[in-house]
Amino acid sequence: MSPLLLPLLLVLAPEASADAPARSTAPRPSTGGAAGPDGTAGPADATAEDPSAVEPPSPSEAPMPSEPAAVPPSIGLSDGYEPPFPSEPLELSQVLTDAAATNLDLVLGQTDIEIAETQIMAAVGAYDVILTAGLNASFSESPQRGSQFAFALGSRAAGANVGFQRALETGGQVSLSLTVDRTLTDQPVNFFDATQGATTLSSYRIAPTLTISHPLLRGAGLEVNMANRDKAQIAVTQAEAGRQLTAQNLARDIISAYWDVLFAHRDLDNKRRSVEQVQRQLERTEALVSAGRLSPVDIKAVEQAIAQREADVLVSENNLLDASLNLRTLLGQDFADRDLLGVMPATDPVVVPRPIDIKDEIDRALQANPQIRQLELSRASLRIDEMVAANARLPQLDFQGSISPQGRSVDSFPDASTGDPGSTGGWAEAFRNIFSEDVGQDGVLADWTVSGQLTLTWDVQNRTPKAQHQAAKLQMRRNQEQLQQVRQQISAGVIRAASSLRTAGKSIEVAEVSLELAQENLEAEQARFDVGRSTNFDVLQRLDEIDTAAASALSAQINYLKALAQLQALNGEILPAYGLAE
């Protein structure tokens, strides 16, 4: 085995939280990588043969036929590797934790939840108790004209009212009000002769009124009138499911971006090693030219190969910077005041084979995926809309009734014929006069009014409510079709992710074998070159084969890790696997 070969990337076997799924896997920090002088992590010495990282499959999980029995090692970073620009070492767990606190999509998702919660309060607020109050006053004069009978020559009135009203959850409304007023009336002593003067008569009135109105058909019922509250509660759960979906997709994207940075570092290291190998070939060529065994033209060919590989190094450095910026963008970081842009992954992934039961993975994805949950909640909300629309097709039949007792107290004039000195009214007497003096014979109330009415409004054709009801039912059908479509997409995504896992696992194995073979071919070709039985062209071709094999091995590893993250995002494992479940 070449000294360049180090342990392979792991299948994310995390130190998961206690509520993580039994078969979920996640990365763990490397314990063997020594930190370099700049703080970046050195190469890992963990092995893929660690038996503690392998979890036995459950009886229901039969491995896919082509699942690799073992995963070979791959290329790690050189001992003296230095990033091309200052880089911050970050563990994958730290990256995910920071993203949960700073990512703008998650922040917006939490705001959406809080907004939806305020809608519940707004819906319940429709049934708050409302206080009403008012003051009133009036002044009038009506002098007698000609032979007109005058019963009042003027009046002055002042009053106040206070009341409470509240909408009922069943659709009606109840109100209770209290009105008090005092009226001073200028009344002539003789209605037929205004020249005899006038007297002022005071009257006091206290009138409480209880009014109840309620629909009997359209708009009646607890479910219809609490529809807004129920929909607001569903909207909160939908917002929570949406944030969970955002968190799962963000975790998937961040994990993929993290491995992209790791790939970019290792690809850059491979490109640098390739330059070093060609430089060593240049040294061999120069020695043979000095000995007269090769033409100086051969040196130019090797120098051209070095220049091409140095250009590849520059491209890899740019790719590394792009991958680092992409990761920091997903973290929601601002670049305006940040000098340190590079990222050095400090978590070395260790890959263990994961048995895949397609049916089991699909079932868990359909049960746990928040996108399906959102559509199911939408269906519940649409069902409420359909119920309200069906109620709106009924005729409008409303009842309203009220009872209003009142107590009055009025001044009485003196009566000389009877010797009655008269009396002055007051509020106390007005209150007493609300009730009967003889309850057994006259009832409790002495002065009262009861009223009631039924109102029927019937749209004979009723086309608008019918159309709205039909539209509500069509929306429910559309939701069911969307749900079926999403279930198909998720099932297909699970199958693709599982297939990608299997393919990437096999590709890793093949690529590693190809890499070993390319290394052996290079050593053999260089030996033939040293004895004059090969050319620089042949040696450079062997070096190209090593570059291609190394790139294929790294790509297969990254594809495996990305496919695993995609599968975990689909089946709901990804957040608990990394200790991010809320």
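Further up the page is the structure itself.
Quick look at the structure, then. (Residues numbered from 1 in each chain as written. Predicted model: local features only at pLDDT ≥ 70, side-chain atom pairs only at ≥ 80, totals over all residues. Heavy atoms only, no water.)

**Side note on the overall build of the protein**
Counting its secondary structure elements, the protein contains twelve helices and eleven strands. Per-residue burial for the protein yields a buried fraction of 40% across its 582 residues. Contacts in the protein between residues far apart in sequence, at least 24 positions, make up 79% of those at least 6 positions apart. (Helix = DSSP H or I, 4+ residues; strand = E, 2+ residues; numbered from the N terminus. Buried < 20%, exposed > 50% of the residue type's maximum accessible area, 1.4 Å probe, protein only. Contact = heavy atoms within 4.5 Å.)

**Overview of the packing of helix 2 (residues 104-124) against helix 4 (residues 227-290)**
The contact between helix 2 and helix 4 brings their axes to 8 Å, and the two run at 175°. Here helix 2 lies roughly antiparallel to helix 4, going by the angle between them. Together, Asp 105, Leu 106, Gly 109, Gln 110, Asp 112, Ile 113, Ala 116, Glu 117, Gln 119, Ile 120, Ala 123 and Val 124 of helix 2 and Asn 228, Arg 229, Ala 232, Gln 233, Ala 235, Val 236, Ala 239, Glu 240, Arg 243, Thr 246, Ala 247 and Leu 250 of helix 4 make up the contact between the two elements. Tallied by class, residues from the contact of helix 2 with helix 4 come to twelve nonpolar, six polar and six charged. (Axes fitted to C-alpha atoms, helices over the stretch in contact; angles between N-to-C directions. Parallel < 35°, antiparallel > 145°, perpendicular 65-115°, else oblique. Nonpolar A, V, L, I, M, F, W, Y, C, P; charged D, E, K, R; others polar.)

**Overview of the pairing of strand 6 (residues 173-188)**
As paired elements, strand 5 (residues 154-167) and strand 6 share 14 bridges and run antiparallel to each other. Among the inter-strand pairings, Ala 158 is bridged to a residue of strand 6, identified as Arg 182. Counted along the chain from strand 5 to the antiparallel partner strand 6, the turn is five residues long, and its residue Gly 171 has a positive phi close to 120°. As paired elements, strand 6 and strand 7 (residues 198-215) share 16 bridges and run antiparallel to each other. Of the residues in strand 7, the one forming a bridge with Leu 176 is Leu 210. (Pairing = 2+ DSSP bridges.)

**Looking at the side chain of Ser 87**
When you line up the elements, Ser 87 lands in strand 3 (residues 87-90). Using a relative accessible area of 8% as the deciding quantity, one classes Ser 87 as buried. In terms of polar contacts, Ser 87 uses its side chain to reach the backbone carbonyl oxygen of Phe 85, at 3.0 Å. (Polar contact = N/O pair within 3.5 Å; in protein donor to acceptor, adjacent residues only side chain to side chain.)

**Quick notes on unusual backbone geometry**
Positive phi is not limited to glycine here, since Asn 462 has a value of about 60°. The residue Asn 462 is located in the loop between strand 11 (448-457) and helix 10 (463-530) in this model. With relative accessibility at 8%, the residue Asn 462 sits in the buried group.

**Thoughts on helix 1 (residues 92-102)**
A turn of α-helix holds 3.6 residues, and therefore any two residues three or four places apart point the same way. Of all the positions in helix 1, only Leu 92, Val 95, Leu 96 and Ala 99 are classed as buried. The buried side chains of helix 1 occupy one side of the element, clustering within an arc of 95° when seen end-on. Tucked inside the fold, the buried residues of helix 1 contact strand 3, helix 2, helix 4 and helix 5 (297-330). (Arc of directions from axis to C-beta.)

**Observations regarding the environment of Ser 140**
Within the secondary structure layout, Ser 140 lies in strand 4 (residues 129-141). Judged by its relative accessible area of 32%, Ser 140 is partly exposed. A C-alpha to C-alpha distance of 5.2 Å links Ser 140 and Gly 154, two positions 14 residues apart in sequence. Apart from the residues lying within four places of it in its own chain, the contact partners of Ser 140 are Gly 154 and Ser 155.

**Some words on the packing of aromatic side chains**
Tallied over the full model, the rule gives three aromatic pairs. On the numbers, 5.1 Å between centres and 75° between planes, the contact of Tyr 204 with Trp 427 is edge-to-face. With Tyr 204 in strand 7 and Trp 427 in helix 8 (residues 427-432), this residue pair connects regions lying 223 residues apart in the sequence. Residue class for Tyr 204 comes out buried when judged on its relative accessible area of 9%. Accessibility expressed as a relative area gives 38% for Trp 427, which makes it partly exposed. (Phe/Tyr/Trp six-rings, centres within 6.5 Å; stacked < 30°, edge-to-face > 60°.)

**Points about the nonpolar core**
Within the largest apolar cluster, 38 residues are counted, with the highest numbers of intra-cluster contacts made by Ile 254, Ile 255, Trp 259 and Leu 327. When residues of this core are traced back to their parent elements, those giving at least two are helix 1, helix 4, helix 5, strand 8 (342-345), helix 11 (536-571) and helix 12 (574-577). The element that contributes the greatest number of residues to this core is helix 4, accounting for 13 residues. Not counting residues within four places of it along the chain, the set of residues in contact with Leu 327 comprises Val 95, Ile 254, Ala 257, Tyr 258, Val 261 and Val 343. One finds Ile 356, Ile 362, Ile 372 and Leu 564 within the second-largest nonpolar core, a separate group that totals 22 residues. (Core = buried A, V, L, I, M, F, W, Y, C linked by side-chain atoms within 4.5 Å.)

**Here's the deal with the packing of helix 6 (residues 358-368) against helix 10**
The interhelical angle for the contact between helix 6 and helix 10, taken along N-to-C directions, is 140°, at an axis separation of 9 Å. In terms of their interaxial angle, helix 6 and helix 10 are classed as oblique. You can see that helix 6 and helix 10 cross each other, and the crossing is right-handed. Counted together, Ile 358, Glu 361, Ile 362, Ala 365 and Leu 366 of helix 6 and Arg 487, Ile 490, Ser 491, Val 494, Ile 495 and Ala 498 of helix 10 form the full contact between these two elements. Of the residues that constitute the contact of helix 6 with helix 10, the class distribution is eight nonpolar, one polar and two charged. (Left-handed = near helix turned anticlockwise from the far one by under 90°.)

**A word on the pattern of salt bridges**
By the definition in use, this model includes 23 salt bridges. The partner of Asp 253 in a salt bridge is Arg 252, and the shortest N-O contact between them spans 3.1 Å. Here the residues in one salt-bridge network are Asp 360, Glu 361, Arg 364 and Glu 573, joined through shared partners. (Salt bridge = Lys/Arg side-chain N within 4 Å of Asp/Glu carboxyl O.)

**Some words on the environment of Leu 250**
Mapped onto the elements, Leu 250 comes out in helix 4. In this structure the C-alpha to C-alpha distance between Leu 250 and Leu 106, which are 144 residues apart in sequence, comes to 8.7 Å. The contacts of Leu 250, once residues within four sequence positions are left out, are Ala 99, Asn 103, Leu 106 and Leu 330.

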